[in-house]
Amino acid sequence: MTEPTIFELSRPNRKGIRFPAPDVPLSELPKEFLREELPLPEVPENEVIRHFTNISQLNHAVDIGFYPLGSCTMKYNPKINEETSRLPGFSQIHPLQPVETVQGALGLMHETQRWLAEISGFNTVSLQPAAGAHGELTGVLIIRAYHRSRGDTKRTKMLVPDSAHGTNPASSAMSGMKIIELTSDDRGNIDLDALKAECDDTLAGIMITNPNTLGLFDENIIEACQLVHESGGLVYGDGANMNALLGIYKPAEMGIDVMHFNLHKTFATPHGGGGPGSGPVGVIEELADFLPAPLVVMTSAGDEDNPAFYDLINPEQTIGRVKSFHGHFSIIVRAFTYMLSLGKNGLKDVAIHAVLNANYIQALVKDVYHIPYERTCMHEFVAEGKWEDAPGIRALDISKRLIDFGFHPPTNYFPLIVHEALMIEPTETETKETMDAFVDALLQIANEAKTDPDILHNAPTKAPFGRLDEVKAAKELILKTQLPEDY
Amino acid sequence: MYTSHTQADREAMLKTIGVDKVEDLFQCLPDEGKFPQLALPEGITEMEALDELQYISSVNETPQELISFLGAGAYNHYIPAGVDSILRRSEFYTAYTPYQPEIAQGTLQSIFEYQSLIAALTGMDVANASHYDGATAVAEAVNMAYHNFRGRRKKIVLSPTVHPQYRDTIHTYTKGMDLEIVGENLKPEAGPDELISLIDDQTALVLVQYPDFFGRIYDLTKLSEAAHAEKALLSVHINPIALGLIKPPSEFDADIVTGEGQPLGIPMAFGGPYLGLFATKNQYVRKMSGRLAGETVDTQGQRGYVLTLSTREQHIRREQATSNICTNQGLIALASTVYLSLLGKNGLQELASLNYHKAHYAAERISTVPGFMVNPLQPFFNEFVVHCPLPAAEINKLLMAHDILGGYDLGQDYPDLTHELLVAVTEMNSRSEIDFMVEVLEEETHD
């Protein structure tokens with residue numbers, strides 16, 4: 001199955017595209033700066049296309065089959081969104097064009113800000129952050145700026161529950177915060193006593209994911225936010241799990257002050273094999289002035305004769321830019337198309353079916369796979385991939401065996417507080433038949449684990465590749481094609 | 001709309017779960033605020049959505065309606081049809097980060113090839129799987145240098161001719177780091193050698209752009225020697241198309257090379273998503289943030305690829321990680337991989353020369369208009385500064401009346417440069433477009 005690399009397909013003097021000859025007189029080239037060697041491959045167009053088409057077929061993807069990868073929300077990516085994002089009026093405009101010439105784009109961004117604000121209950125939304133982790137960095141910098149604007153410079157302590165995504169502590173550390181890990185209680189909620197012990201005048205805030213990474217709605221959320229607020233801290237919401245809350249509950253109503261959205265999870269923009277994402281940030285009114293620059297505002301609402309007018313502004317106390325230009329615009333077009341297509345009831349339907357599907361799978365497997373925090377789950381749940389009567393079987397083995405059934409495995413080894421975690425998120429877009437087949441596979445694998453564990457240890461056998469040697473990769477560290485000396 | 005359950009499905013599933021109605025699944029949520037009425041419209045069909053979005057997009061004016069000489073960090077280049085044809089393969093775009101390598105070799109091999117191409121283009125030992133864009137790649141270079149000296153060296157020497165938005169981003173990213181950033185107050189006309197006197201034994205990083213924000217090409221040899229004499233790192237931000245023609249920064253012994261990858265087959269799309277290129281020397285590979293694909297073998301001995309060195313990353317190291325980056329620009333990196341594969345060595349050289357010649361023709365022609373000046377001695381690539389007889393903002397307005405996007409008004413970022421216009425010329429600008437702009441300038445500024 002091994003496909004040559006694009007460099008190995010190269011032969012001297014082949015090319016995949018030609019450009020027109022210059023229609024201007026030639027100028028003298030800057031001799032002292034000229035490049036001598038340019039070791040790029042030389043491959044004709046048809047071979048380039050065949051190469052990338054061939055390797056594409058080695059992937060599993062949402063359009064191929066079920067992808068219940070917990071915390072990633074691998075829902076169907078509607079095709080219309082791909083079309084609208086590629087309309088020339090969107091794809092060909094330059095980010096620094098005069099605002100008069102890009103009123104459509106600015107209006108679309110303004111509407112997206114408004115929709116996200118209405119869905120979440122926040123006062124203002126910035127579309128600039130490029131991804132979830134980037135939104136976290138933005139949000140924590142906003143919290144930092146808020147405290148400093150009040151002369152409250154000693155507030156540098158950020159609380160992060162032990163169930164949090166690794167990006168949470170990393171984002172806080174990048175912002176100069178000191179991280180304190182909070183334990184969860186025996187129902188998977190924030191431990192209020194542990195929280196109380198940290199609530200003092202050095203508290204900058206807390207980073208909360210709700211529903212949390214166990215897929216559970218935190219039953220202590222209102223009280224936890226109150227405690228943090230009473231001690232002068234702010235609450236950051238990781239919006240990774242917003243798919244469970246669309247039209248169900250507004251995060252701002254829980255007491256969250258600043259939150260990022262993942263347009264590539266909740267709003268159906270494709271994951272692209274690891275990006276590009278988009279991580280807009282919503283804030284309460286008191287924090288709006290700290291949002292990253294620039295923000296889209298409507299400067300005139302328009303009337304019968306004149307359309308509304310939109311402009312870009314820098315909030316007065318802005319934390320500054322977090323990237324160049326205005327955010328991942330073409331991802332925003334996809335998300336806007338999605339929201340517009342669904343409307344208010346369609347959005348609520350998403351959450352209801354996401355939660356229904358997760359609970360359905362949980363109900364069918366819970367007698368065989370131990371669920372450490374067994375409650376009604378939200379859009380995902382975490383099971384344990386181990387049994388006392390199947391020693392030597394790990395969650396990873398179950399995952400690799402699922403590949404043989406044509407399914408993408410669940411998320412493994414996360415959250416860290418569950419041993420041998422299998423985190424399962426079906427999303428709303430799967431049929432009952434698909435989920436039934438997945439459950440059948442899980443039950444068969446549990447049986448195999450106890451009766452014929454080698455099937456699991458040797459899996460996958462029906463994928464294009466067997467298990468890959470990660471130790472060798474890290475030890476030998478080959479990070480680019482090794483070219484022959486005379487290339 | 002994208003859900004499939006019938007009423008019968010729902011009832012069967014609820015029965016399995018053991019509840020009566022879907023609302024019961026939300027019992028643990030606070031009653032107050034539950035099931036809000038959203039002040040949003042009802043959904044619409046695909047036909048209606050397309051119609052609506054077509055209308056909105058038609059309100060924007062594109063380079064199809066306008067002649068554009070606007071660059072300043074985003075460039076109008078031709079995108080070969082093959083690029084989008086591969087991006088539209090849903091095996092690529094509907095996959096996630098390749099955590100299960102047995103069923104993600106397409107993504108992993110494409111990342112590995114991307115790393116190989118960027119390393120070859122920049123002349124560096126190793127490239128990562130990308131950052132969000134040029135601005136964040138530059139900010140991550142600062143982050144890497146800071147961590148390289150374990151936070152003990154606090155000084156960053158930053159050229160005033162690094163893109164103003166990238167410099168803004170550096171300031172935002174480093175707010176919690178207690179750094180001293182110097183150099184930005186130097187006169188923008190200054191070349192890289194003016195930075196040398198600022199470098200000392202507290203300097204972690206010297207950061208320049210090549211060609212710089214004004215399009216100028218400089219020899220960085222002396223600056224590099226000065227930085228290395230103090231054991232500071234040198235980071236060079238590049239335009240990838242320029243490297244088809246001019247020496248890569250590796251020849252100046254750069255330690256880090258970053259770049260905005262947008263010119264490599266990525267639509268301008270009002271600013272994103274773009275692509276942050278990031279490459280370094282082997283000795284710094286463990287200090288570099290971002291994903292990395294590495295070569296290995298599977299149980300049958302087949303060559304394959306996995307994500308590697310993840311012990312640097314946030315999902316393992318949490319607050320000790322080198323950066324919080326998680327998702328990167330996977331599909332956009334793929335676009336540039338296909339683009340560089342199609343152009344290859346000859347195509348990129350041809351394209352870079354074409355840009356060079358067209359830009360120099362434009363500079364020469366504009367210089368003939370009374371009151372307009374381009375420094376004839378300064379080497380540049382495809383972008384250059386024009387000194388205008390009127391404020392650049394006014395020149396842009398005059399040009400706009402003729403449907404020409406003139407260029408970037410440098411007065412917006414450099415208070416002393418109100419009369420300077422930054423003009424970009426690519427293969428998309430025909431000779432007749434250039435001649436037309438020159439004609440308009442002659443007419444409009446004629447006394």
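Residues numbered from 1 in each chain as written. Chains lettered and ligands numbered in written order. Predicted model: local features only at pLDDT ≥ 70, side-chain atom pairs only at ≥ 80, totals over all residues.

What follows covers the nonpolar core. Core analysis: the largest hydrophobic core is formed by 295 residues, its most contacted members being Ile142 of chain A together with Val142, Leu205, Val206 and Leu207 of chain B. By residue number, the principal contributor to this core is helix α10 (residues 329-365) of chain A, which donates 23 residues. (Core = buried A, V, L, I, M, F, W, Y, C linked by C-beta atoms within 7 Å. Buried ≥ 20, exposed ≤ 12 C-beta atoms within 10 Å, placed from the backbone. Helix = DSSP H or I, 4+ residues; strand = E, 2+ residues; numbered from the N terminus.)

Going from Gly275 of chain A to Pro276 of chain A, the amide bond is cis rather than trans, its omega being 0°. Within the element layout of this structure, Pro276 of chain A appears in the loop between β6 (258-261) and β7 (281-283). Note that the residue after Ala459 of chain A, namely Pro460 of chain A, is joined by a cis bond; omega there is 0°. Along the polypeptide, Pro460 of chain A turns up in the loop between α13 (453-458) and α14 (470-476). Even without being a glycine, Lys231 of chain B presents a positive backbone phi close to 65°. Along the polypeptide, Lys231 of chain B turns up in the loop between α8 (221-229) and β6 (233-238). Exposure remark for Lys231 of chain B: the 11 C-beta atoms within 10 Å place this residue in the exposed category.

Residue and element names in this part refer to chain B. Each assigned domain of chain B is listed with its residue range as follows: domain 1 (67-78 + 344-445) and domain 2 (81-339). Distance from the C-alpha centre of domain 1 to the C-alpha centre of domain 2: 28 Å. Every contact between the two is made by 24 residues of domain 1 and, on the other side, 21 residues of domain 2. Elements with a contribution of two residues or more to the side of domain 1 that touches domain 2: α10 (330-367) and β11 (383-387). Take the side of domain 1 that touches domain 2: its biggest share by element is 7 residues, from α10. (Domains from an automatic or database assignment. Contact = placed C-beta atoms within 7 Å.)

Okay, the sheet that holds strand β4 (residues 203-209) of chain A next. Residues and elements named next belong to chain A. One open sheet holds the 7 strands; their spatial order is β1-β7-β6-β5-β4-β2-β3, and the pairing between them is mixed. Edge positions in the sheet fall to β1 (124-126) and β3 (178-182), since each has one partner strand and no second. Across the sheet, the axes of successive neighbouring strands diverge by a mean angle of 25°, strand direction being ignored. Inspection of the sheet shows β1 paired to β7 by 3 bridges, in the antiparallel sense. Considered in β7, the bridge of Ser126 is made with Val281. Docked against the sheet, helix α5 (residues 132-149) engages β2 (157-161), β4, β5 (234-239), β6 and β7, running at close to 165° with respect to β6. Packing against the sheet, helix α6 (residues 167-174) makes contact with β2, β3, β4 and β5, and its axis sits at approximately 170° to β2. (Pairing = 2+ DSSP bridges. Axes fitted to C-alpha atoms, helices over the stretch in contact; angles between N-to-C directions.)

Right, let's get into the sheet that holds strand β10 (residues 381-384) of chain A. Residue and element names in this part refer to chain A. Judged by pairing direction, the sheet is antiparallel, and its 3 strands sit side by side in the order β10-β12-β11 without closing on themselves. A single partner strand is all that each edge strand has here, and the edge strands are β10 and β11 (411-412). Of the pairings in the sheet, the one linking β10 to strand β12 (residues 421-424) comprises 4 bridges and is antiparallel in character. In the sheet register, Phe381 faces β12, and the bridge partner there is Ile424.

Attention now goes to the environment of Ile256 of chain A. Residue and element names in this part refer to chain A. Tracing the backbone shows Ile256 in the loop between α9 (251-254) and β6. Ile256 sits 22 residues away from Leu234 along the chain, and the two C-alpha atoms are 7.7 Å apart. Dropping the residues within four chain positions of it, Ile256 is found in contact with Ile208, Cys225, Val235, Gly237 and Pro251.

Once that is clear, we can look at the packing of α10 of chain A against helix α2 (residues 46-58) of chain B. Think of two packed helices as two axes; the pair is described by the angle between the axes and how far apart they sit. Relative to each other, α10 of chain A and α2 of chain B sit at 135°, their axes nearing to 10 Å. Between α10 of chain A and α2 of chain B, the angle falls in the class oblique. In this structure, α10 of chain A crosses over α2 of chain B, and the sense of that crossing is right-handed. For the pair α10 of chain A and α2 of chain B, contact is made by Thr337, Leu340 and Ser341 of chain A and by Glu46, Ala49, Glu52 and Leu53 of chain B, respectively. Residue classes in the contact of α10 of chain A with α2 of chain B are distributed as 3 nonpolar, 2 polar and 2 charged. (Parallel < 35°, antiparallel > 145°, perpendicular 65-115°, else oblique. Left-handed = near helix turned anticlockwise from the far one by under 90°. Nonpolar A, V, L, I, M, F, W, Y, C, P; charged D, E, K, R; others polar.)

Each partner contributes residues to the interface: chain A has 164 residues there, and chain B has 167 residues. At the level of elements, α1 (45-56), α2 (79-85), α3 (88-91), α4 (103-120), α5, α6, α10 and α14 of chain A are the ones that each hand at least two residues to the side of chain A that touches chain B. Top element by residues in the side of chain A that touches chain B is α10 of chain A. It accounts for 20 residues. In the side of chain A that touches chain B, the residues fall into 85 nonpolar, 54 polar and 25 charged.

Okay, helix α12 (residues 432-451) of chain A next. Residues and elements named next belong to chain A. Counted at 1.5 Å a residue, the expected span for α12 with its 20 residues is 28 Å, and the 29 Å between its end C-alpha atoms agrees. Of all the residues in α12, the buried ones are Phe438, Leu442, Ile445, Ala446 and Ala449. All buried residues of α12 fall inside an arc of 100° around its axis, so they share one side. When the buried face of α12 is taken as reference, the exposed residues oriented beyond 90 degrees from it are Glu433, Asp440, Asn447 and Thr451. Those residues of α12 hidden inside the fold are in contact with α10, α11 (395-404) and α13. (Expected span 1.5 Å × (residues − 1). Arc of directions from axis to C-beta.)

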